[in-house]
Amino acid sequence: MTELLRTLFITTPGTSLHLEGDTVRIYQPDKPGRHILPLLRIEHIVVWNGVDVSDDLIMRCADDARGITWMTRNGRFLARVTGAQTGNPLLRLEQTRAYDATERRLGIARSIVAGKLQNYRQLLLRAARDTDQARRGEIRNVAEQHAAALAAAAEASSITELLGIEGNAARSYFQTLPMLTPYAPTGRTRRPPKSS
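About the criteria used
- Along each chain, the written sequence defines residue order, and numbers are assigned to residues from 1.
- pLDDT decides what is reported in this predicted model: residues at 70 or higher carry local features, side-chain atom pairs at 80 or more are listed and counted, and totals for whole chains, interfaces and linings draw on all residues regardless.
- No hydrogens and no water enter the side-chain calculation; it runs on all heavy atoms of the structure.
- For our purposes a nonpolar core is just a set of buried Ala, Val, Leu, Ile, Met, Phe, Trp, Tyr and Cys residues, chained together by side-chain atoms within 4.5 Å.
- Burial classes follow relative accessibility: with a 1.4 Å probe on protein chains only, a residue under 20% of its type's maximum area counts as buried, one over 50% as exposed, and anything between as partly exposed.
- The secondary structure listing takes helices from DSSP runs of H or I that are at least 4 residues long and strands from runs of E that are at least 2 residues long, numbered from the N terminus.
- For this analysis, residues touch if any pair of their heavy atoms sits within 4.5 Å.
- The pairing test for Phe, Tyr and Trp rings, Trp by its six-membered ring, is centres within 6.5 Å, and the orientation test on the planes gives stacked under 30 degrees, edge-to-face over 60, and tilted for anything in between.
- Two limits define a charge over a ring: the Lys NZ or Arg CZ must be within 6 Å of the ring centre, and within 35 degrees of the ring normal.
- DSSP-based pairing: two strands are paired if at least 2 bridges between them are found.
- A fitted line through C-alpha atoms serves as each axis, taken over the contacting stretch for helices, and the angle formed by two N-to-C directions is quoted from 0 to 180°.

*Asks:* Explanation requested: the nonpolar core in the structure shown.
*Replies:* Note that soluble globular proteins tend to have their nonpolar side chains buried in a common cluster. Counting 22 residues, the largest nonpolar core has Leu-117, Tyr-120, Leu-124, Ala-153, Leu-162, Ile-165 and Tyr-173 as the members making the most contacts within it. The set of elements that each furnish at least two residues to this core consists of helix H3 (102–129), helix H4 (133–155) and helix H5 (159–180). Of the residues forming this core, the biggest block, eight residues, is contributed by H5. In this view, Tyr-120 contacts His-146, Ala-169, Ala-170, Tyr-173 and Phe-174; residues no more than four positions away in its chain are not counted. Of all hydrophobic cores here, the second largest spans 16 residues; its members include Leu-17, Ile-42, Val-47 and Val-51.

Following this line, the structure appears as structure tokens:
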């Protein structure tokens, strides 16, 4: 049993989950005792094959729009219960129309990338004001590269080109982090991130 970011993960076969008032009761045959978690702390439950979920708990989660996802023992998706979906169907329809219209989709993407690049640039300029003279020039140079990337993003003729501009700007920003923060690692690492 692991609780991470308001998601409860149950991976041990033979475990069963039951509704007990406003809590989830977790029964594991090899761990005697009463193990409960308040439903208020949980937004989603993920269970692996071999874990039983009571009907009462499924119904309560569906009523609360709390999702339950079932996975195979290898971690492949099997099924999901989410309950009633809320939202504006006209909004979803308009989003689909925007996706289907290439120029409109590119315009939205340009706005998102421009916001990201502008935020990077402002943060760098603000940091340059508060740093020593030796690093100030380098930081401002990267901020100017972001200004050029903003102009290039406005003229991008495809999503692929736009993503390339955004990726190059992100790389230069993350390579600058050690100048902004003394203990920041250089660059980014993902899946899984390296620990410092």
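*Asks:* For this particular structure, what's the right way to read the packing of aromatic side chains?
*Replies:* Two numbers describe a pair of aromatic rings. These are the distance of the centres and the angle of the planes. As enumerated under the stated definition, the model contains three aromatic pairs in all. On the numbers, 5.3 Å between centres and 85 degrees between planes, the contact of Tyr-173 with Phe-174 is edge-to-face. For Phe-174, a relative accessible area of 19% translates into the label buried. Members of the aromatic cluster, each reached through a chain of ring pairs, are Tyr-120, Tyr-173 and Phe-174. Taking the ring centre of Tyr-99 as reference, the NZ or CZ of Arg-105 above it sits at 4.7 Å.

*Asks:* Would you mind showing me how to read the sheet that holds strand E4 (residues 23–28) here?
*Replies:* Two orientations exist for strands paired in a sheet by backbone hydrogen bonds: parallel and antiparallel. Taken in spatial order, the four strands line up as E5-E4-E3-E7 in an open sheet, and their pairing is mixed. Since the sheet does not close on itself, it has two edges, and those belong to strand E5 (31–38) and strand E7 (52–53), each with one partner. Bridge count for strand E3 (residues 16–20) against E7 is two bridges, and the pairing is parallel. Directly across from Ser-16, in E7, lies its bridge partner Asp-52. Strands E3, E4 and E7 of the sheet are contacted by helix H1 (residues 55–63), whose axis makes an angle of about 65 degrees with E3.

*Asks:* Whenever I open this one, the side chain of His-146 confuses me. Can you help?
*Replies:* Locating His-146 in the fold gives a position in helix H4. Not counting chain neighbours up to four residues away, the residues in contact with His-146 comprise Leu-117, Tyr-120, Arg-121, Leu-124, Ala-169, Ser-172 and Tyr-173.

*Asks:* Quick question: what am I supposed to make of unusual backbone geometry here?
*Replies:* Trans peptide bonds make up most of the peptide bonds, and negative phi angles are found at most residues other than glycine. Even without glycine at this site, Ala-65 takes up a positive phi of about 60 degrees. Mapped onto the fold, Ala-65 is located in the loop between H1 and strand E8 (67–71).

Worth remembering: the numbers are spatial, not functional.
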